[in-house]
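Analysis of the macromolecular model
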Amino acid sequence: MYSKFGRIGYARKVFDDIPERNEASWNTMVSSYVRVGLYSDSVRFFCEMVGCGVRPSGFVIASLVTACDKSGSMFCEGMQVHGFVMKLGLLCDVFVGTSVLHLYGTYGVVSNARKVFEEMPEKNVVTWTSLIVGYSNDGDLGEVVSIYKRMRREGVCCNDNTFAIVFSICGALGDELLGQQVLGDVVKLGLQTSVSVANSLISMYGSFGNVGEACYVFDHMDERDTISWNSIISANVQNGLCEESLQCFHRMRHVNKEVNSITVSTLLGVCGSTDKLKWGRGIHGLVVKLGMESNVCVGNTLLSMYSEAGRSEDAELVFERMIEKDIISWNSMLACYVQNEESQNALKHFAEMLQMRKAINYVTLTSALSACSNTEFAVEGKILHAIAVIAGLQDNLIVGNALVTMYGKLSKTLEAAKVLQTMPKRDEVTWNSLIGSYAENKEPDEVITAFKLMRKEGTPANYITIINVLGAFLNPSDLLKHGMPIHALIVLTGFESEKYVQSSLITMYAKCGDLNSSNSIFSGLTVKNSIAWNAIIAANANHGHEEALKLVLMMRRAGVDFDQFSLSVALSVSADLAMLVEGQQLHGLVIKLGFDTDHYITNAAMDMYGKCGEMEDVLKILPLPTIRSRLSWNILISSFAKHGCFEKARESFHEMVTMGVKPDHVTFVSLLSACSHGGLVDDGLAYYNAMTTEFGVPPAIEHSVCVIDLLGRSGRLSEAENFIKEMPVPPNDLVWRSLLAACKIHRNLELGRKAADHLLELDPSDDSAYVLFSNVCASTGRWEEVENVRRQMGSRNITKKPACSWVKLKSEVSKFGMGEKSHPQTEQIYAKLGELMKMIREAGYVPDTSYSLQDTDEEQKEQNLWNHSERIALAFGLISTPEGSPVKVFKNLRVCGDCHSVYKHVSAVVGRKIILRDPYRFHHFSDGKCSCSDYW
């Protein structure tokens, strides 16, 4: 009696005062401890009972196992009770066996649950349903279906609970046919009028996206309970019908149905986006008003809502205020950190779970493994793999998939393949993870091998498989060897009509250099959705075609809604082609369509303004430091570096670190580039060392190129050569090209010859190797070698990329080559050139004919310099723009030293600001000075 009223102290006193206790007394006391939630005390009392030689009943054993189950942290004690059960031979008791089975299912050790199930001589519907629950909680939905079918074959009569779980699994699998078959079983058993069965049907139809069917079931129910209302609200929520779900909630309150934790949790589930967070906060307020803050289910949903909205601070606040936390609470907070890319916090949180002996399951490990996708956490990833083995979760399908994905993202494809091979069960997600890993690591042959093994094993490919396979092909040889045969297979298997596969084909052909086929595929599509438009726009953009911007206009005229991707790509095209006017128009459209708060588009607009020479506009739209993403910081540092603001680039880097934003691979490329172009050699070397020692960013080839450029420009060529020998990654063409360019600046013929040889060894048709080495020879007066190099180029049909410069006025681009005389205003241009020559000579300009790389007399060399495209473009810009306005000139190759001197003098004598952009940076000329301080 006392225990029923929660007065366990009185109950224990009565027990202690009993002079002669029988088995019933002991058994009742154990059950009392369990009933009031004192699970640890129940186990201790049980041990005391066994020590006194009292034989426990099957009911008490089942009650004790349930205590270990409900505690969430007494798995070891539960296993000990299982051992005791085996010793006494109580597994034949169906209630004891079922409770032990349920224990293992709760703790995620489904293999043990299955073993107990198979060993039980007698099973009832609760036993079967417990096993189904275990596999369902473990995420093995296919096995749930198999067990249900086995139940039906063995003639086991399902109950409401069984059908509720199976209907939910049908919904999760999206298997409508199976759902209808199960519904047939329900009708045969006469359970269609059951409220719980109807509720589960509503949920299933909601999962299928059949909200109409769900509403039909709901409207025709003779009786509805709170779960019925929660189910129909959930059906609307699952299908993104936020307003409809709120209307159902209003009706529910109007008919005075009790609002419970499930109701508010379901509603909170639809409020996780930034635009709907205001409603979520409102419901959070209602939660407080209704006194549901202490409810663990509501707390978990609040965690998920704030996590999905990217509000990890709010999620942390909810988590800290939760009085009770279950495994879902801990997993939700862990997932929040992972989702917000806070890997360090995620791993600390996981470590705290272990220290506090909190139970972990496959969801916990899957989230923790996702936090280790960066090379910085490779060691932690291996430790988590070991924990998975120790916890007996290595055979879990979802954990195995997470391990394959993690190793793939760490570029450890060999380990990823080993994990796949040792998995007892694999599905399409497993194979897709491995194939995707090979594709990301540019291993097309391995992609094809894995794809063939997948098909041989009988695992059906889906559209994600095809997308991953196509993503592995990056050059013309890949296209012929693999891309086209896979395209043929796509047509044969019917994947050609899948919209994501269509866009991937467009992308694949473009990446492999066949833009015509990309355009042809796009033109042949009967339905051109936003995904296809984005793919063809990006394909043309990657080839540097202005056609990409025309496609953006065509997309709008076709009535297809722009999204973040299409606008970002269009802004990137404007940036790469330095088309400021078009970029400004696109930015105006961004604001008009309400995308100006979008993080990715803001960064694309910043990048566009930076590459178009408008540093002031970059700073105008730059997010505040407190909300500035790493990408925004990277663009800011890169823009400062390109515009010659080297100190500001360094200051931004240090401010970024102070604000707690961790620099990445890209940050250091921009920072080292700034040091290289600014002559900050020692600072650059210090940053390179700090990159690995302080920030944990592994050195990549791009960083090595920056260091070689840094040393080479400053004349420290022997150090640059030694650095190449000791590089942590093999040198590529960029490395040798950078060294060769430095040899040209400092006229080091022998080292230049070595660099050229390495370049030609990598690619005998590399025109830059011949041109740069020829320039090294010319700068040292080796004219015979110059001619020899030029003869080699001629015999091998290798042509030099011609230099050109251009000026853009409104929508017109005027392009000029060396000695250009085809322009309609040629006469005025050359008249202006003559005028400028006279003016700057009088101002002290002396030509440096060493930049004229022809074996001619000095007068001809000087004349050749005045034929350079950037001078012709400058003259055109000056006569075509209003007095006093800035002049912008763009060049496809690095500006020569003498032209740089001319630009400085012209800026002084005409009193105008001149901006010259070459492939590497901007030069801002004003009052006879350049932003680069003559070091570039």
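Everything below is about the structure shown above.
Thresholds, definitions, all that
Per-chain numbering applies: the sequence of each chain, read as written, is numbered from 1 onward. Selection of residues for local features in this predicted model requires a pLDDT of at least 70, selection of side-chain atom pairs for listing and counting requires 80 or more, and totals for whole chains, interfaces and linings are taken over all residues. Each side-chain value is derived from all of the structure's non-hydrogen atoms; neither hydrogens nor water enter the calculation. Strands here mean DSSP runs of E at least two residues long; helices mean DSSP runs of H or I at least four residues long; both are numbered from the N terminus. Buried means the residue's accessible area, taken with a 1.4 Å probe over protein chains only, is under 20% of the maximum for its type, while exposed means over 50%, and partly exposed covers the values in between. Two residues qualify as a contact provided that any one of their heavy atoms is within 4.5 Å of a heavy atom in the partner residue. Surface exposure here means Shrake-Rupley accessible area, sampled with a 1.4 Å probe, where a residue is shielded only by the protein chains that are shown. Whenever two N or O atoms come within 3.5 Å, that pair is a polar contact, provided that in protein one can donate a hydrogen and the other can accept it, and provided that, for residues adjacent in sequence, both atoms are side-chain atoms. For two strands to pair, DSSP has to find at least two bridges joining them. Patch definition: residues with relative accessible area over 30% and no salt bridge; like charges joined within 9 Å; nonpolar side chains (Val, Leu, Ile, Met, Phe, Trp, Tyr) joined within 5 Å. The term salt bridge refers to a pairing of a side-chain nitrogen on Lys or Arg with a carboxyl oxygen on Asp or Glu at a separation within 4 Å. Geometry of aromatic contacts follows a simple scheme: Phe, Tyr and Trp rings, the Trp one being its six-membered ring, pair when their centres are within 6.5 Å, and the pair is stacked under 30 degrees between planes, edge-to-face over 60, tilted otherwise. Throughout this description, the term nonpolar core refers to a set of buried Ala, Val, Leu, Ile, Met, Phe, Trp, Tyr and Cys residues connected via side-chain atoms within 4.5 Å. How far a helix is expected to stretch is found by multiplying one less than its residue total by 1.5 Å. Convention adopted: a line fitted to C-alpha atoms gives each axis, helices being fitted over their contacting stretch, and angles between N-to-C directions are expressed from 0 to 180 degrees. Left-handed describes a crossing in which the near helix is turned anticlockwise from the far one by less than a right angle; the clockwise case is right-handed. When residue character is reported, Ala, Val, Leu, Ile, Met, Phe, Trp, Tyr, Cys and Pro are called nonpolar, Asp, Glu, Lys and Arg charged, and the others, Gly included, polar. The directions considered for the arc run from the helix axis to the C-beta atoms. Two cysteine sulfur atoms make up a disulfide if the distance between them is within 2.5 Å. An angle counts as roughly parallel when it lies under 35 degrees, as roughly antiparallel when it exceeds 145, as roughly perpendicular when it falls between 65 and 115, and as oblique in every other case.

Right, let's get into the overall build of the protein chain. Scanning the protein chain from terminus to terminus reveals 51 helices and 6 strands. Each principal axis of the C-alpha distribution contributes one length, and for the protein chain these read about 125 × 55 × 55 Å. By the burial criterion, 51% of the 936 residues in the protein chain qualify as buried. Taking as baseline every contact in the protein chain between residues at least 6 positions apart, the subset at least 24 positions apart corresponds to 61%. Accessible area of the protein chain: about 43600 Å², with a carbon and sulfur share of 52%.

What follows concerns the environment of Lys123. With respect to the helices, strands and loops of the structure, Lys123 is situated in the loop between helix H7 (110–119) and helix H8 (125–137). The partly exposed category is assigned to Lys123, whose relative accessible area is 29%. For the pair Lys123 and Leu624, spaced 501 residues apart in sequence, the C-alpha to C-alpha distance is 64 Å. Once you skip the residues sitting within four places of it in the chain, Lys123 turns out to touch Val94, Phe117 and Trp128. Of the polar contacts made by the side chain of Lys123, one reaches the backbone oxygen of Met120; its length is 3.2 Å.

This paragraph deals with the pairing of strand S2 (residues 812–817). Taken together, the 6 bridges between strand S1 (residues 804–809) and S2 define a ladder with antiparallel strand orientation. Its bridge partner being in S2, Leu809 is matched across the sheet by Glu812. A loop of 2 residues connects S1 with S2, the two strands running antiparallel in sequence, and Lys810 in this loop sits at a positive phi of about 55°.

The grouping of Tyr463, Ile464 and Tyr500 at the surface amounts to a nonpolar patch, some 240 Å² of accessible area in total. Mapped onto the elements, Ile464 comes out in helix H28 (residues 463–470).

With that out of the way, let us pick up the packing of aromatic side chains. Under the definition given, this model contains 16 aromatic pairs. Note on Phe653 and Phe668: the rings are 5.5 Å apart at their centroids and 65° apart in plane angle, and the pair reads as edge-to-face. Here Phe653 is found in helix H39 (residues 646–658), whereas its partner Phe668 is found in helix H40 (residues 665–678), with 15 residues between them in sequence. Judged by relative accessible area, Phe653 falls into the buried class, the value being 3%. We classify Phe668 as buried; its relative accessible area is 0%. When the ring of Tyr688 is compared with that of Phe723, the centres are 5.6 Å apart and the planes differ by 70°; the resulting orientation is edge-to-face.

The buried count for strand S3 (residues 887–891) comes to 5 of 5 residues, which makes it a mostly enclosed element. Of the two faces of S3, the one lined by Val887, Val889 and Lys891 and the one lined by Lys888 and Phe890 are each fully buried. Relative to S3, S1 runs antiparallel, the two sharing 2 bridges. Residue pairing in the sheet places Ser805 in a bridge with Lys891 of S3. Note: S3 against strand S4 (residues 914–917), 4 bridges, orientation parallel. The partner of Val889 across the bridge, within S4, is Leu916.

Ile61, Phe167, Leu384, Leu434, Phe473 and Leu739 are the most contacted members of the largest nonpolar core, which totals 262 residues. For Leu384, the contacting residues outside a window of four places in its chain are Leu347, Phe350, Leu365, Ala368, Leu369 and Cys372.

Overall, mixed pairing links the 6 strands, which are arranged S2-S1-S3-S4-S5-S6 in an open sheet. Strands with a single pairing partner mark the edges of an open sheet, and in this sheet they are S2 and strand S6 (929–930).

For helix H41 (residues 681–693), spanning 13 residues, the distance from its first C-alpha to its last is 19 Å, which sits close to the expected 18 Å at 1.5 Å a residue. Where H41 is concerned, the buried positions are Val681, Gly684, Tyr687, Tyr688, Ala690 and Met691. Where the residues of H41 are buried, they touch H39, H40, helix H42 (701–713) and helix H43 (717–725).

This next bit is on the side chain of Ser265. Assignment of secondary structure puts Ser265 in helix H16 (residues 261–268). Accessibility expressed as a relative area gives 9% for Ser265, which makes it buried. Not counting residues up to four positions away in its chain, the partners in contact with Ser265 are Cys297, Val298 and Thr301.

Turning next to the pattern of salt bridges. This model, assessed by the stated rule, comprises 32 salt bridges. Salt-bridge contacts for Asp898 lead to Arg871; the nearest nitrogen and oxygen are separated by 2.4 Å. Linking Asp898 in helix H51 (residues 897–910) with Arg871 in helix H50 (residues 869–880), this pair joins segments that are 27 residues apart in sequence. Taken individually, Asp898 and Arg871 each receive the classification buried, so the pair is uniform in this respect. Residues joined in a network through salt bridges with shared partners are Arg114, Glu118, Glu143, Arg150 and Glu154.

For Arg747, which is not glycine, the phi dihedral falls at a positive 55°. Secondary-structure assignment places Arg747 in the loop between helix H44 (733–746) and helix H45 (749–762). Given the relative accessible area of 46%, Arg747 is considered partly exposed. If you check the backbone angles, Asp927 has positive phi at about 55° while not being a glycine. With respect to the helices, strands and loops of the structure, Asp927 is situated in the loop between strand S5 (922–926) and S6.

Below, the discussion takes up the packing of helix H21 (residues 343–355) against helix H22 (residues 362–370). Two elements in contact, H21 and H22, have axes separated by 9 Å at closest approach and are oriented at 145°. Where H21 crosses over H22, the two elements pack in a sense that is left-handed. Of H22, the residues touching H21 (which contributes Leu347, Phe350 and Met353) are Thr364, Leu365 and Ala368. Residue classes in the contact of H21 with H22 are distributed as 5 nonpolar, 1 polar and no charged.

Attention now moves to H39. Taking 1.5 Å per residue as the helical rise, H39 with its 13 residues ought to reach 18 Å, and the 19 Å between its terminal C-alpha atoms agrees with that figure. Listed in full, the buried residues belonging to H39 are Phe646, Ala649, Arg650, Ser652, Phe653 and Met656. One face of H39 carries all of its buried residues, which in axial projection span an arc of 160°. Opposite the buried face of H39, at more than 90 degrees from it, the exposed residues are Glu651 and Thr658. Contacts made by the buried residues of H39 are with helix H38 (630–642), H40 and H41. Phi turns positive, to about 85°, at Gly660, one or two residues after H39.

Using the criterion set out here, one finds 0 disulfides in the structure. Summary of cysteine pairing: Cys804 is not part of a disulfide, and the nearest cysteine sulfur, belonging to Cys899, is at 14 Å. As a non-bridged cysteine, Cys899 has Cys896 as the owner of its nearest cysteine sulfur, 3.4 Å distant.

Turning our attention to the packing of helix H35 (residues 580–592) against helix H36 (residues 599–611). Relative to each other, H35 and H36 sit at 160°, their axes nearing to 10 Å. Looking at the two axes, H35 sits roughly antiparallel to H36. Read as a crossing pair, H35 and H36 show a hand that is left-handed. Across from Leu580, Gly583, Gln584, His587 and Val590 in H35, the residues of H36 making contact are Ile601, Ala605, Met608 and Tyr609.

So, on to the environment of Lys358. Inspection of the secondary structure assignment puts Lys358 in the loop between H21 and H22. Spatially, the C-alpha atom of Lys358 lies 16 Å from that of Gly392, the residues being 34 residues apart in sequence. Aside from chain neighbours lying at most four places away, what touches Lys358 is Trp330 and Met353.

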